[in-house]
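Survey of secondary and tertiary structure
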Amino acid sequence: MAEQLRLMAVHAHPDDESSKGAAMMAKYVAEGVDVLVVTCTGGERGSVLNPKLDRPEVWADIADIRRREMDAARAVLGVDQAWLGFVDSGLPEGDPLPPLPEGCFALQDVEQAAGPLVRLMRQFRPHVVTTYDEEGGYPHPDHIMCHKVTVAAFDAAADASRYPELGAPWQPLKLYYDIGFSRGKIMALHEGMLAAGLESPYQDWIKRWEDRVDKGPRITTRVECAEYFPVRDDALRAHATQVDPDGFWFHVPMEMQQRAWPTEDFELVRSLVDSPLPESDLFAGVRETVDAR
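Residues numbered from 1 in each chain as written. Predicted model: local features only at pLDDT ≥ 70, side-chain atom pairs only at ≥ 80, totals over all residues. Heavy atoms only, no water.

**Things to note about the sheet that holds strand S6 (residues 221-224)**
The 7 strands are arranged S3-S2-S1-S4-S5-S7-S6 in an open sheet whose pairing can be described as mixed. The sheet terminates laterally at strand S3 (80-86) and S6, the two strands that pair on one side only. For this sheet the average axis-to-axis angle between neighbouring strands, irrespective of direction, equals 25 degrees. In this structure, strand S1 (residues 6-11) lies alongside strand S2 (residues 34-41), joined through 6 bridges in parallel fashion. Residue pairing in the sheet places histidine 11 in a bridge with threonine 39 of S2. On the sheet, helix H4 (residues 62-77) packs against S2 and S3 and is oriented at approximately 155 degrees with respect to S3. Across the sheet, helix H6 (residues 141-156) lies against S1, S2, strand S4 (128-131), strand S5 (174-178) and strand S7 (263-271), angled at about 170 degrees from S5, the strand it touches most. (Pairing = 2+ DSSP bridges. Helix = DSSP H or I, 4+ residues; strand = E, 2+ residues; numbered from the N terminus. Axes fitted to C-alpha atoms, helices over the stretch in contact; angles between N-to-C directions. Contact = heavy atoms within 4.5 Å.)

As structure tokens, then:
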């Protein structure tokens, strides 16, 4: 029998897996790939962004609620999921920014914090790993730490001299960064809304691009997964405290999203297999390598 392909997606908080690369994961699950979401923190310091749930009893039970939401989203996507067990750092606000809470994920030593992820990589043995870029996708301290820990674990998992107590070495073959939004994607959705005579929710985003670097040129891999956009949205809505079902994320009609930008996009940053760019498959080059074993 051919070896089953395995994908590990490393995220900072519960809900991140449903807003970044979720349709891609649902597509690969449907194709028989074994997908494991790794969640670094419990999201304990996350906001309640659904006004219908902004109630004292919800805030009082937020840690357990976020775990239950993760259970629901995991079931929607069809993935497995593991917690690394770190504590959410929160998103500091103010000028100057306040210090991060003692003991939080973002203040951990990277070498030590990578250990639990090395253990998981050696147990699950992913062929492909995805996470955020060096800016965390956006500059949340937990997202930046998630990037650092994932890159460290990707390098260490195959080295028998490092973390020898955490299992037999395993070498993942490819590492990708999520490129969730690019100027091209925003403009395609914006222009699609205007052409349909609808109000675009992206007007302010487009203004902000004047002060931001467009990550579109970094995209190496576009995975066609529009069929699974409804699954992505169902998983996102499962994180009910984090997402307003009447809010921004759901303003663009599904058919328009599928037509205007039918891919989820990634940057290939490490590869131990031959996979010419651009790609349309995170497992390009991996399939051939696995089949040859």
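There is more to say after this.
**So, the packing of aromatic side chains**
On inspection of all chains with the given rule, the structure shows 9 aromatic pairs. When the centroid spacing of 6.4 Å and the interplanar angle of 75 degrees are considered together, the rings of tyrosine 176 and phenylalanine 266 count as edge-to-face. Highlighted residues: tyrosine 176 in strand S5 and phenylalanine 266 in strand S7, separated in sequence by 90 residues. Assigned by exposure class, tyrosine 176 and phenylalanine 266 land together as buried. A centroid spacing of 5.5 Å and a plane angle of 80 degrees characterise the contact between tyrosine 202 and phenylalanine 248, whose relative ring orientation is edge-to-face. Taken together, the residues span a long stretch of sequence, with tyrosine 202 in the loop between helix H7 (183-195) and helix H8 (203-208) and phenylalanine 248 in the loop between helix H9 (229-238) and helix H10 (254-260) at a distance of 46 residues. Overall, the relative accessible area of 7% leaves tyrosine 202 in the buried class. Among the residues examined, phenylalanine 248 registers a relative accessible area of 26% and is labelled partly exposed. Taken together, the ring pairs connect Phe181, Tyr202, Trp205, Phe248 and Trp249 into an aromatic cluster. Sitting over the face of the ring of tryptophan 83, arginine 67 holds its NZ or CZ atom 4.3 Å from the ring centroid. (Phe/Tyr/Trp six-rings, centres within 6.5 Å; stacked < 30°, edge-to-face > 60°. Buried < 20%, exposed > 50% of the residue type's maximum accessible area, 1.4 Å probe, protein only. Lys NZ or Arg CZ within 6 Å of the ring centre and 35° of its normal.)

**Section: the pattern of salt bridges**
Taken as a whole, this structure holds 19 salt bridges when the rule is applied. Via salt bridges that share partners, Asp133, Glu135 and Lys215 belong to a single interconnected network. (Salt bridge = Lys/Arg side-chain N within 4 Å of Asp/Glu carboxyl O.)

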